[in-house]
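A look at the structure
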Amino acid sequence: MSLLEIKNLHVAVGGRNILNGLTLTVEKGQLAAIMGPNGSGKSTLSHVLAGKPGYEVKDGSVLLDGEDLLALSPDQRAAKGVFLAFQYPLEIPGVATMNFLRTAVNAQRRARGEAEMSTPDFLKRVREIAGHLGIEQEMLRRSVNVGFSGGEKKRNEVLQMALLEPQLCILDETDSGLDIDALRVVSEGVNRLRAPERGMIVITHYQRLLEYIVPDVVHVLSKGRIVKTGDKELAHELEAHGYARFTDEAA
Amino acid sequence: MNAGIRQIRTAAEQGIAEMFAAIKGELPGDATERQRAFDVFAGAGLPHRRIEAWKYTDLRAAMRAAKPLASTAQAALSQGRSADLLAHIEARRLVFGNGRMIESLSDLADIEPGLTIETFDSVLGRDAAALAGDALAPANDDAAVALNTAFTRDGVVIRVAEGATLRRPLHLLFTVQGEAAAVYSRVVIDVGAGAKLALIETHESAAGRDDQINMAIDLVVGDRAHVDHVKFGLESENTLHVASWGMRLGAASHLNTFILNVGGGLVRNQIFAECQGDAATLRFGGVNLLTGRQHADTTLTLNHVAPGCQSRELFKSVLDGRSRGVFQGRISVQPQAQKTDARMMTRALLLSEDAEADMKPELEIFADDVQCGHGATAGALDDNLKFYLMARGLPEKEAESLLIQAFIGDAVETVEDAGLREVLMLLAVEWLEAR
């Protein structure tokens, strides 16, 4: 069974159709890149998969491990293993990062009927991952993302992803706002999470990220549909020639 | 000519007048002062919405009838939960039943040098003039203060001598028993120069009780003295609770005061504060956690008279159901109060369509070299933040809880004692879990 099966997905936002019959499959162990021009529906896809309110699904289905994902609330999806790394991670003044991380880990564990993680185990795990990502302890003591630079926010997203060990990772324009050093650290963090049971969707506008996170498959999204699928060479082709040719085909 | 103009009295006003006529002969203290105070009330009646200071809290409409005066409380009084909540804080507890200090339940042993505790009526017996307030005097024309002066005999007078530092906080525990009643009490606190006092005030009552509480607190903070005060309002959802504070700060003194309201049906905390000595510091924080038809009004009148004083107000309301949170703050800076640094912020979080926040911050500045600011915001929970938390696995309720705790967090942080901050957050979490 495929990890994720999206069939003929039609989604509207504020009465405007954004996804128009999108069909996409992600296998376990696969890293799929989704590329597309501005306005092609990339972020809408990531939000719909994570369950953000305000998106109207008009037709189609989304199955995660054979289960209807669209029927679940965002927290239920998270507990099932869906993780969205936000393009713009939010600042939450007054909520300490460590408290947030622990609450999230234990909420998911409770939802799955598992025991909560002990405090020493939790701290050990966070320190280990933070060390890989070059996240200082001082950052973890601050409120979630408050006063973080763009790069720190993205590293914090990858920290959460590593800690929560999701089945399906969705990275929404993770490269936006990153300088080359931060891009390398974040990419290494993502690559460390690649695993045979885990699927990943990497949404990006540019080929640059895919130099660091090498995809198994590249899909081109245009006007709310996948218009072309290929291997990593497709990304180079897009970089060289632009999206015009594919978007014209879709039209 | 004026004799012909009569206030139309409500049943409650009529009841209060009858009670005063019946009891005034028995009340201790200066009878002339009681009569003056009663006349203030009789002239204006219960405060109502056309009186600016009471605009959002119409006591005349809310008070259907006047409860009879409380009978004397018995020694076998249930202390409810505030004693448990504060069990980890080694405080000297004074227990008040129906406004009267119950000596057998109060910790009056081994009183530290420099501390004196006397009941208000015993002080009145010795010094009839003690009825007239000190720090409360500027509020003598307020109807609630006037009623307190007219009726009160119970309460306590606490003096901390110059230079004394009290090792243990004082916990004033107020509760009620017997038939629901009108309870008047006066607390006088006089903190001498350079002295230090931590004061915890809790108010509780059994569910469903509809007492009418009117208390007045007269607090004088001496030069260089340091006072920490925290009030917990935990009374029944039907209680009418009006508390009036007179506060006067001496030179280089420090007063840190905080009010949490989770209980009460209609609550009014009115504070009349004056920074009278140079370079005094006043910090005033508060949190309302309200639901159902609860109404809590915090009204602060702060007068900067002396130069170089600093005042900070941070007040947060979380309003669910059909509740209503009111914050009025007026800071006046007199011409001689140069270098005043005053900041006031009030924020409301509305959790339901039917909740209402009324906020009225005001500055009145007559000095030219000051830094003053105020702000007010009201809004709902941020859906994007909620989604972010839910996307990490927090169920909706838990995500909201975390955001609400974060919302009140900086106000709670103004409380200096870590143990008290824990109690405040514990009560907040309880409130959130009961939502």
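Residues numbered from 1 in each chain as written. Chains lettered and ligands numbered in written order. Predicted model: local features only at pLDDT ≥ 70, side-chain atom pairs only at ≥ 80, totals over all residues. Heavy atoms only, no water.

1. Section: unusual backbone geometry
A positive phi is found at Lys223 of chain A, a non-glycine position, where the angle reads about 50°. Summarising the element assignment, Lys223 of chain A is placed in the loop between strand S11 (217–222) and strand S12 (225–230). With a relative accessible area of 48%, Lys223 of chain A lands in the partly exposed category. Positive phi, close to 60°, is recorded for Arg224 of chain B, a residue that is not glycine. (Helix = DSSP H or I, 4+ residues; strand = E, 2+ residues; numbered from the N terminus. Buried < 20%, exposed > 50% of the residue type's maximum accessible area, 1.4 Å probe, protein only.)

2. Here we look at empty space enclosed by the protein
Residue and element names in this part refer to chain B. Enumeration according to the criterion identifies 4 cavities of 30 Å³ or more in this entry. Of the volumes computed, that of the largest cavity is approximately 140 Å³. Lining the largest cavity are 14 residues; nearest its centre among them are Met63, Leu147, Tyr184, Asn214 and Leu240. Taken together, the elements giving at least two residues each to the lining of the largest cavity come down to helix H6 (143–151), strand S6 (182–191), strand S8 (212–221) and strand S10 (240–249). Tallied by class, residues from the lining of the largest cavity come to 12 nonpolar, 2 polar and no charged. In this structure, the second largest cavity spans a volume of roughly 80 Å³. What lines the second largest cavity is simply Asn98, Gly99, Phe174, Thr175, Val176, Val183, Ser185, His203, Glu204, Ile213, Met215 and Glu235. Taken together, the elements giving at least two residues each to the lining of the second largest cavity come down to strand S5 (170–175), S6, strand S7 (196–204) and S8. (1 Å grid on protein atoms, 1.4 Å probe; cavity = no way out; pocket = protein on both sides within 12 Å on 5 of 7 lines; lining within 4 Å. Points joined across faces, edges and corners; volume = space filled by probe spheres on them. Nonpolar A, V, L, I, M, F, W, Y, C, P; charged D, E, K, R; others polar.)

3. Here we look at the environment of His219 of chain A
Residues and elements named next belong to chain A. Mapped onto the fold, His219 is located in strand S11. The class of His219 is buried, set by a relative accessible area of 7%. Taking the C-alpha atoms as reference points, His219 and Gly36, separated by 183 residues in sequence, lie 8.4 Å from one another. Apart from the residues within four sequence positions on either side, His219 is in contact with Leu24, Thr25, Ala32, Ala33, Ile34, Met35, Ile226, Lys228 and Thr229. At 2.9 Å, the side chain of His219 and the side chain of Thr229 are in polar contact. (Contact = heavy atoms within 4.5 Å. Polar contact = N/O pair within 3.5 Å; in protein donor to acceptor, adjacent residues only side chain to side chain.)

4. Some details on the packing of aromatic side chains
Residues and elements named next belong to chain B. Summed over the entire model, instances satisfying the criterion amount to 10 aromatic pairs over all chains. Geometrically, the ring pair formed by Phe20 and Phe38 is stacked, given 4.3 Å between the ring centres and 5° between the ring planes. Linking Phe20 in helix H1 (residues 11–23) with Phe38 in helix H2 (residues 31–44), this pair joins segments that are 18 residues apart in sequence. Take Phe20: its relative accessible area is 2%, and that puts it in the buried class. Their ring planes at 80° and their centres at 5.6 Å tell us that Phe20 and Phe151 sit as a pair that is edge-to-face. With a gap of 131 residues between them, Phe20 in helix H1 and Phe151 in helix H6 connect regions that are remote in the sequence. Each member of the pair, Phe20 as well as Phe151, carries the same accessibility label: buried. A connected cluster of aromatic rings, assembled from ring pairs, spans Phe20, Phe38, Phe41, Phe151 and Tyr184. Over the ring of Trp54 we find Arg268, and its NZ or CZ is 3.7 Å from the ring centre. Sitting above the plane of the Phe407 ring, Lys316 keeps its charged end 4.7 Å from the centroid. (Phe/Tyr/Trp six-rings, centres within 6.5 Å; stacked < 30°, edge-to-face > 60°. Lys NZ or Arg CZ within 6 Å of the ring centre and 35° of its normal.)

5. A few points about the sheet that holds strand S16 (residues 324–333) of chain B
Residues and elements named next belong to chain B. Taken together, 9 strands build an open sheet; the order of strands is S3-S4-S6-S8-S10-S12-S14-S16-S18 and the sheet is mixed. The outermost strands of the open sheet, each flanked by one partner alone, are strand S3 (115–119) and strand S18 (356–365). Looking at each pair of strands side by side, their axes are set apart by 10° on average, direction ignored. The sheet contact formed by strand S12 (residues 266–275) and strand S14 (residues 295–304) spans 10 bridges and is parallel. Looking at S14, one finds that Ala273 is bridged to Leu302. Contacts from H6 reach S6, S8, S10 and S12 within the one sheet, and its direction differs from that of S6 by about 95°. (Pairing = 2+ DSSP bridges. Axes fitted to C-alpha atoms, helices over the stretch in contact; angles between N-to-C directions.)

6. A short note on the layout of surface pockets
Residues and elements named next belong to chain B. What the largest pocket holds in volume is close to 540 Å³. Lining the largest pocket are 31 residues, and of these Ala53, Asp142, Phe272, Thr301 and Arg330 lie nearest its centre. If you list the elements that add at least two residues to the lining of the largest pocket, you get H2, S10, S12, S14, S16 and S18. Of the residues assigned to the lining of the largest pocket, the class counts are 15 nonpolar, 7 polar and 9 charged.

7. Structural notes on the interface of chain A and chain B
Taken residue by residue, the interface counts 31 residues in chain A and 15 residues in chain B. Taken together, both faces of the contact between chain A and chain B bury some 1,900 Å²; the carbon and sulfur share is 71%. Summed over the shared surface of chain A and chain B, the number is 2 salt bridges. For Glu157 of chain A, the salt bridge identified is with Arg392 of chain B, shortest N-O distance 2.7 Å. Inspection of the chain A/chain B interface yields 10 residue pairs in polar contact (both at pLDDT 80 or more). Counting only elements with at least two residues in the side of chain A that touches chain B, the list comes to helix H2 (74–80), strand S6 (82–85), strand S7 (92–96), helix H3 (97–111) and helix H6 (150–164) of chain A. Of the residues contributing to the side of chain A that touches chain B, the split by class is 19 nonpolar, 7 polar and 5 charged. (Buried area = accessible area lost by both parts, 1.4 Å probe. Salt bridge = Lys/Arg side-chain N within 4 Å of Asp/Glu carboxyl O.)

8. Some remarks on the sheet that holds strand S4 (residues 55–64) of chain A
Residues and elements named next belong to chain A. If you walk across this open sheet you meet the 4 strands as S2-S1-S4-S5, and the pairing is antiparallel. Each of the sheet's edge strands pairs with one partner strand only, and the pair in question is strand S2 (16–26) and strand S5 (67–68). In this structure, S4 lies alongside S5, joined through 2 bridges in antiparallel fashion. Residue pairing in the sheet places Leu63 in a bridge with Asp68 of S5. Of the strands in this sheet, strand S1 (4–13), S2 and S4 are in contact with helix H1 (residues 42–50), which crosses S1 at around 110°.

Just distances and angles here, no functional claims.
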